[in-house]
Amino acid sequence: GENVEQHPSTLSVQEGDSAVIKCTYSDSASNYFPWYKQELGKRPQLIIDIRSNVGEKKDQRIAVTLNKTAKHFSLHITETQPEDSAVYFCAAPPNRDSSASKIIFGSGTRLSIRP
Amino acid sequence: DVKVTQSSRYLVKRTGEKVFLECVQDMDHENMFWYRQDPGLGLRLIYFSYDVKMKEKGDIPEGYSVSREKKERFSLILESASTNQTSMYLCASSQGGEAKNIQYFGAGTRLSVL
């Protein structure tokens, strides 16, 4: 069945260091991989996404890489800042019913930036 | 900006009560979703709808039902609330077509069932 696994569940890094969050997915036909950020007490918001026809995408300090062969994708945050502290969710759409428009979320990573 | 509005930020209900959670989006989105969010479990899909009066079960539909009579409004119904339904409930919407997988979330409703 459809499954998205996310690791680690918690991550603490020193301000200025890099953070990496990894996700694996089970449906080899999945073709779109978004990342959402949820700050404390706020709603999840899309921060970056990648489609299966590219291997990497960057947006300032944030990048996402995709390895379709291994069926995993990662979020990389460089030069971390206090405002990066949040819960991050990866997601992938199951292809079983492409008209359904649903996506499967990972269990989330709580990222804490130490000053 | 897309706006997804949930009618209540906090709700306290008693076991056995019928509970309605309302969600409205103002961007004419085809798709709407209801999730519950629990620590360590991420976002779990309860139900979703891809058109008016159309609905599909998500991963955890038991104990819930939904209603979508108008395109902009998607309601989650707990027919008889139970304590294990205490959770944060998030509504989301998305366009159809190429952008169907980009979801916009409401601020959430924290429901406590006593």
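Going by the structure above, here's the rest.
Participant: Is there a simple way to explain the packing of aromatic side chains in this structure?
Facilitator: Each aromatic ring pair is described using two quantities: the centre-to-centre distance and the angle formed by the ring planes. Residue and element names in this part refer to chain A. Scanning all chains against the criterion turns up 13 aromatic pairs over all chains. Relative to Phe-73, the ring of Trp-35 lies with its centre 5.6 Å away and its plane at 65 degrees, an arrangement referred to as edge-to-face. Placement of the pair is Trp-35 in strand S4 (residues 32-38) and Phe-73 in strand S8 (residues 72-77), with a sequence separation of 38 residues. Considered together, Trp-35 and Phe-73 belong to a single accessibility category, that of buried residues.

Participant: What exactly am I supposed to notice about the pattern of salt bridges here?
Facilitator: Where charged atoms from two side chains of opposite charge approach closely, those side chains can pair. Residue and element names in this part refer to chain B. Across all of its chains, the model carries nine salt bridges over all chains by this definition. Across the pair Lys-71 and Asp-28 runs a salt bridge, and its minimum N-O distance is 3.2 Å. Of this pair, Lys-71 sits in the loop between strand S7 (65-70) and strand S8 (73-78) while Asp-28 sits in the loop between strand S3 (19-25) and strand S4 (31-38); the two residues are 43 residues apart in sequence, bridging distant segments of the chain. Close ionic contact of Asp-38 with Arg-36 constitutes a salt bridge, the shortest N to O distance being 2.8 Å. According to the relative accessible area criterion, Asp-38 is buried, its value standing at 12%. The network of salt bridges with common partners includes Arg-36, Asp-38 and Arg-44.

Cut-offs and rules
Residues numbered from 1 in each chain as written. Chains lettered and ligands numbered in written order. Predicted model: local features only at pLDDT ≥ 70, side-chain atom pairs only at ≥ 80, totals over all residues. Heavy atoms only, no water. Phe/Tyr/Trp six-rings, centres within 6.5 Å; stacked < 30°, edge-to-face > 60°. Helix = DSSP H or I, 4+ residues; strand = E, 2+ residues; numbered from the N terminus. Buried < 20%, exposed > 50% of the residue type's maximum accessible area, 1.4 Å probe, protein only. Salt bridge = Lys/Arg side-chain N within 4 Å of Asp/Glu carboxyl O.

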